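Observations on the three-dimensional arrangement
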Amino acid sequence: MLVALTGGVASGKTSVSDRLSARGVPVVDTDLIARQVVAPGSPGLNRVVEAFGPEILDSSGALDRRALRERVFARPEARERLEAILHPLIEKEARRQVALHREADYVVLVVPLLVESGLFKDADRVVVVDVPESVQIERLVERDNVDRSQAESMLAAQATRPNRLAAATDVLDNSGSIEELMEATDELYEKLTRLSRRPPRAPRMP
Ligand SMILES: CC(C)(COP(=O)(O)OP(=O)(O)OC[C@H]1O[C@@H](n2cnc3c(N)ncnc32)[C@H](O)[C@@H]1O)[C@@H](O)C(=O)NCCC(=O)NCCS
Ligand SMILES: Nc1ncnc2c1ncn2[C@@H]1O[C@H](COP(=O)(O)OP(=O)(O)OP(=O)(O)O)[C@@H](O)[C@H]1O
């Protein structure tokens, strides 16, 4: 079973996926893959440099993520250009990593842009971590030390809360404490384990 986990920026996806991972669930994270596909010397990084110029590299030749982030969230056409390069690479690598866990009852695939990108429409379940936008902005500003207007432009580049909720089969409310989120995640774990358990093999006929 393929379980997609999504939510807006700073909604709490990593907090949920870390908990599931600690309980032994295989987790594949497309934010991590988005970094792997632009590692120094990779074909992905070469294509990004062709599109955006060498100014988006730092002095060591690695991607300057902050510089690219400022560009893509300021200009929708730049974001679309970056996505057109990276999304096919991310999808291919994510599917490869998911396939490595074929023995598991289920795999959790963290996809921040599930609703926006139309990727992984074949997921069996869609778990949405849900918070009001004001809480997302507060947590984003605090965690990443970005200014409010940058936080707002990131949210503006993403699906609206109702659109994301419309895609959900399961919703984790993260407007309360982290302890409450962990409890809700444990309940989700039990539910997914139950839903995914394979029926026992039929006994062999004599
Ligand atoms: C713009 C980049 C360089 C910024 O890097 P940075 O290290 O600052 O952020 P990071 O990659 O950790 O992403 C943080 C969050 O930003 C949001 N975000 C990232 N890319 C996008 C996008 N294209 N549109 C809307 N939101 C986005 C997501 O909520 C994500 O979880 C990077 O996010 C990127 O390469 N984005 C394009 C690839 C992509 O779409 N990634 C999302 C995985 S499907
Ligand atoms: N219930 C909560 N109460 C207070 N802080 C929280 C809560 N849940 C998460 N946080 C904090 O909010 C921030 C965002 O959480 P997290 O990193 O899990 O979100 P994310 O959805 O993975 O973010 P991103 O979209 O950037 O990958 C983190 O600093 C986290 O510690």
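Every value quoted in this text rests on a predicted model; they were computed, and no experiment measured them.

Turning our attention to a negative patch on the surface. Residues Asp-173, Glu-179, Glu-180, Glu-183 and Glu-187 make up a contiguous surface patch of negative charge. If one sorts the elements of the negative patch by residue count, helix α10 (residues 178-196) sits on top with 4 residues.

Attention now moves to the side chain of Asp-170. Within the secondary structure, Asp-170 is located in strand β5 (residues 170-173). On the basis of relative accessible area, Asp-170 is assigned to the buried category, the value being 7%. Residues in contact with Asp-170, not counting those within four places in the same chain, are Arg-125, Val-126, Val-127, Val-128, Leu-188 and Lys-191.

Side chains three or four residues apart in an α-helix point the same way, a direct result of the helix having 3.6 residues per turn. Between the first and last C-alpha of α10 there are 26 Å, a value that for 19 residues agrees with the 27 Å anticipated at 1.5 Å per step. Listed in full, the buried residues belonging to α10 are Leu-181, Met-182, Thr-185, Asp-186, Leu-188, Tyr-189, Leu-192, Thr-193 and Ser-196. Viewed end-on, α10 has its buried residues packed into an arc of 165 degrees, placing them on one side of the element. Set apart from the buried face of α10 by more than 90 degrees, the exposed residues are Glu-179, Glu-183, Glu-187 and Arg-194. Where α10 is buried, its residues meet β1 (2-6), α1 (13-22), β4 (125-130) and β5.

Let us now look at the sheet that holds β4. Across the sheet, which stays open at both edges, the 5 strands sit in the order β2-β3-β1-β4-β5 with parallel pairing between neighbours. Looking at which strands have only one partner, the edges of the open sheet turn out to be β2 (27-29) and β5. On average, each strand axis in the sheet is tilted by 20 degrees relative to the strand beside it, whichever way the strands run. Where β2 meets strand β3 (residues 107-110), 3 bridges bridge the pair, whose relative direction is parallel. Among the inter-strand pairings, Asp-29 is bridged to a residue of β3, identified as Val-110. Seen against the sheet, α1 touches β1, β2, β3, β4 and β5 and runs at an angle of roughly 145 degrees to β1.

Let us look at the pattern of salt bridges. For the structure on display, the rule yields 17 salt bridges. Across the pair Arg-23 and Asp-186 runs a salt bridge, and its minimum N-O distance is 3.3 Å. Within this pair, whereas Arg-23 is found in the loop between α1 and β2, its partner Asp-186 is found in helix α10, the two being separated by 163 residues in sequence. Since its relative accessible area comes to 35%, Arg-23 is described here as partly exposed.

The UniProt record annotates "binding site: ATP" (unreviewed entry) at Ala-10, Ser-11, Gly-12, Lys-13, Thr-14 and Ser-15. Looking at the element boundaries, Thr-14 is found in helix α1. Residue class for Thr-14 comes out partly exposed when judged on its relative accessible area of 47%. Turning to its location among the elements, Ser-15 is positioned in helix α1. Take Ser-15: its relative accessible area is 27%, and that puts it in the partly exposed class. Ignoring anything within four residues of it in the chain, the contact list for Ser-15 reads Ile-178, Leu-181 and Met-182.

Attention shifts here to the environment of Val-28. Structurally, Val-28 can be placed in strand β2. Looking at Val-28, the relative accessible area reads 2%, which means it is buried. Expressed as a C-alpha distance, the spacing of Val-28 and Pro-162, which sit 134 residues apart in the sequence, is 25 Å. Sequence-distant contacts of Val-28, defined by excluding residues within four places in its chain, comprise Ile-33, Ala-94, Gln-97, Val-98, His-101, Val-107, Val-108, Leu-109 and Val-110.

Analysis parameters
Residues numbered from 1 in each chain as written. Chains lettered and ligands numbered in written order. Predicted model: local features only at pLDDT ≥ 70, side-chain atom pairs only at ≥ 80, totals over all residues. Heavy atoms only, no water. Patch = residues over 30% accessible without salt bridge, like charges linked within 9 Å, V, L, I, M, F, W, Y side chains within 5 Å. Areas by Shrake-Rupley, 256 points an atom, 1.4 Å probe, with all protein chains shown as cover. Salt bridge = Lys/Arg side-chain N within 4 Å of Asp/Glu carboxyl O. Lys, Arg positive; Asp, Glu negative; His and termini not counted. Charge placed at Lys NZ, Arg CZ, Asp CG, Glu CD. Helix = DSSP H or I, 4+ residues; strand = E, 2+ residues; numbered from the N terminus. Buried < 20%, exposed > 50% of the residue type's maximum accessible area, 1.4 Å probe, protein only. Contact = heavy atoms within 4.5 Å. Expected span 1.5 Å × (residues − 1). Arc of directions from axis to C-beta. Pairing = 2+ DSSP bridges. Axes fitted to C-alpha atoms, helices over the stretch in contact; angles between N-to-C directions. UniProt positions renumbered as here; feature names shortened; annotations may be inferred.

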